[in-house]
Amino acid sequence: QITDMATRLTLQRFASTTPRWLKTCKPSEANCAKCGKFPCGNVMKREYAVRAPLWRSPLAWLAGAGAAYAAYNLEVIPISGRLRLRLVPSFWDDHLAEKYDQELMEGLSAKFLPEDSPEHIRVKTIGERLAAVCGMHTLVFHVVDDPSERNAFASAGGHVVVYTGILNLLHDDNMLAAILGHEIGHYIAHHVAERIGVDWIAKGIQNVVSDSQPVRYLSAIAMTMPMSRLIEKEADYMGLLLMAGACYDIDAAHAVWSKFHSMKTIEEEDEQSGPRLEHAAHLIADSHDADSFSDRYLSTHPTHRERIRLFERGSVWMRRAEAVQAARCPCRGGDGGKVPLCPDTRPVKLWRYLLGMLF
């Protein structure tokens, strides 16, 4: 039997405050110690658990460890200034770069154009001019001979790969600079590691909840796709500022996505056997129409219309790019790029960033 005064008070409180439909065991001294049913046993445990010191709680230790990890791994991305929580530890970056780049290069190396080819020289010249804005000289540029592929990407280890399919579309160097600046922005911000971290969380949720198809779709719509669109827009912004810092024509970014949008619309009309538009100007004028729900929320990239709006003259992005050009380009009275646009080419820990501002 229980004779402790605290236990008596607990039983009295339970008897007076718990609704009748919740009382699954009678709160008496004789049977409460051996009851264990809900909620009688839980009430007893809760009353005594409150008296334990906070530092003895596993949840308190877990919360403290999570707060310490977040405080140490919050970082500021160069150029864009976005604050993010690094989910993949920074010391894994080299491991990821080595692992994925080796697999990537093994699959594409047979299609690389020689370094003395006109296409490779063009890509390397523009890319190095953009990278010099941030003082980077470690990027490696490759051109893949595949006219059917209109794409370009940057790996975690600093390999920028461009396909001849997109080179054949962008004959103007300013337009190609918009694409290369976007890919270099991905590398500066370490977006590959950020994608992997989000994929880890999504996979963890699937393992805890369910690995069914609906859960995978929901995790992709709620986490993977929004994060992918965010980092793609960030790479667009960083690429625009790199173009401005390298004194390229920043209006070429608007021209690139207007061209891609017109080509996509024509291809869709061809697939539907509809009337093909004769002039791309009609497509560009139609670029302000509303995007469909699937294009806006069920995609890994921003829509072409959204990108066209972001690169219009007078937008926040373009005003920022104009300010960078006015400060750096000699033709506009700038200093000729003596001061790097991004002194730090790697994301900076927030605590170091704050200390740098204070001292």
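Residues numbered from 1 in each chain as written. Predicted model: local features only at pLDDT ≥ 70, side-chain atom pairs only at ≥ 80, totals over all residues. Heavy atoms only, no water.

Participant: Account for the packing of helix H6 (residues 118-131) against helix H8 (residues 173-189), with residues named and values stated.
Facilitator: Each pair of packed helices gets described by two things: the angle between the helix axes and the distance between those axes. Contact geometry for H6 and H8: axes closest at 9 Å, N-to-C directions at 60°. Classified by the angle their axes make, H6 and H8 are oblique. The handedness of the crossing between H6 and H8 is right-handed. Side by side, H6 and H8 meet where Arg-122, Val-123, Ile-126, Gly-127, Leu-130 and Ala-131 of the first sit next to Asp-173, Leu-176, Ala-177, Leu-180, Gly-181 and Ile-184 of the second. When the residues that make up the contact of H6 with H8 are grouped by side-chain class, the tally is eight nonpolar, two polar and two charged. (Axes fitted to C-alpha atoms, helices over the stretch in contact; angles between N-to-C directions. Helix = DSSP H or I, 4+ residues; strand = E, 2+ residues; numbered from the N terminus. Parallel < 35°, antiparallel > 145°, perpendicular 65-115°, else oblique. Left-handed = near helix turned anticlockwise from the far one by under 90°. Contact = heavy atoms within 4.5 Å. Nonpolar A, V, L, I, M, F, W, Y, C, P; charged D, E, K, R; others polar.)

Participant: Mind laying out the confidence of the model for the protein, listing which residues take part and the relevant values?
Facilitator: The predicted model of the protein averages 78 in pLDDT, with 71% of residues at 70 or higher. Scored below 50 in pLDDT, residues 44-51 shows nine contacts in the model against residues more than four places distant or in partner chains. Segment residues 274-288: pLDDT under 50, and 21 contacts once partners within four positions in sequence are set aside and those in other chains are kept. (pLDDT = per-residue confidence, 0-100.)

Participant: Help me get a handle on the side chain of His-191, residues and values and all.
Facilitator: In this structure, His-191 sits in helix H9 (residues 191-208). Exposure remark for His-191: the relative accessible area of 1% places this residue in the buried category. For His-191, the residues in contact, after removing those within four places along its chain, are Arg-82, Arg-84, Gly-185, His-186, Ile-231, Glu-234 and Ala-235. (Buried < 20%, exposed > 50% of the residue type's maximum accessible area, 1.4 Å probe, protein only.)

Participant: So what's going on with the sheet that holds strand E5 (residues 159-163)? Residues and values would help.
Facilitator: A sheet is described by the order of its strands in space; here three strands give the open sequence E3-E5-E4, paired in mixed fashion. Both outer strands of the open sheet, strand E3 (140-144) and strand E4 (152-154), are each paired with one neighbouring strand and no more. Strand after strand, the sheet turns through a mean of 15° between neighbouring axes, direction not considered. Bridge count for E4 against E5 is three bridges, and the pairing is antiparallel. What sits directly across from Ala-154, in E5, is Val-160. (Pairing = 2+ DSSP bridges.)

Participant: Now, about the sheet that holds strand E2 (residues 83-85): what can you tell me, with residues and values included?
Facilitator: Spatial strand order, E2-E1-E6: three strands in an open sheet with antiparallel pairing. Taken across any chain shown, the strands that pair with only one partner, and hence form the sheet edges, are E2 and strand E6 (348-349). When strand E1 (residues 74-76) meets E2, the two strands line up antiparallel, connected through three bridges. Note that in E2 the partner of Glu-75 across the bridge is Arg-84.

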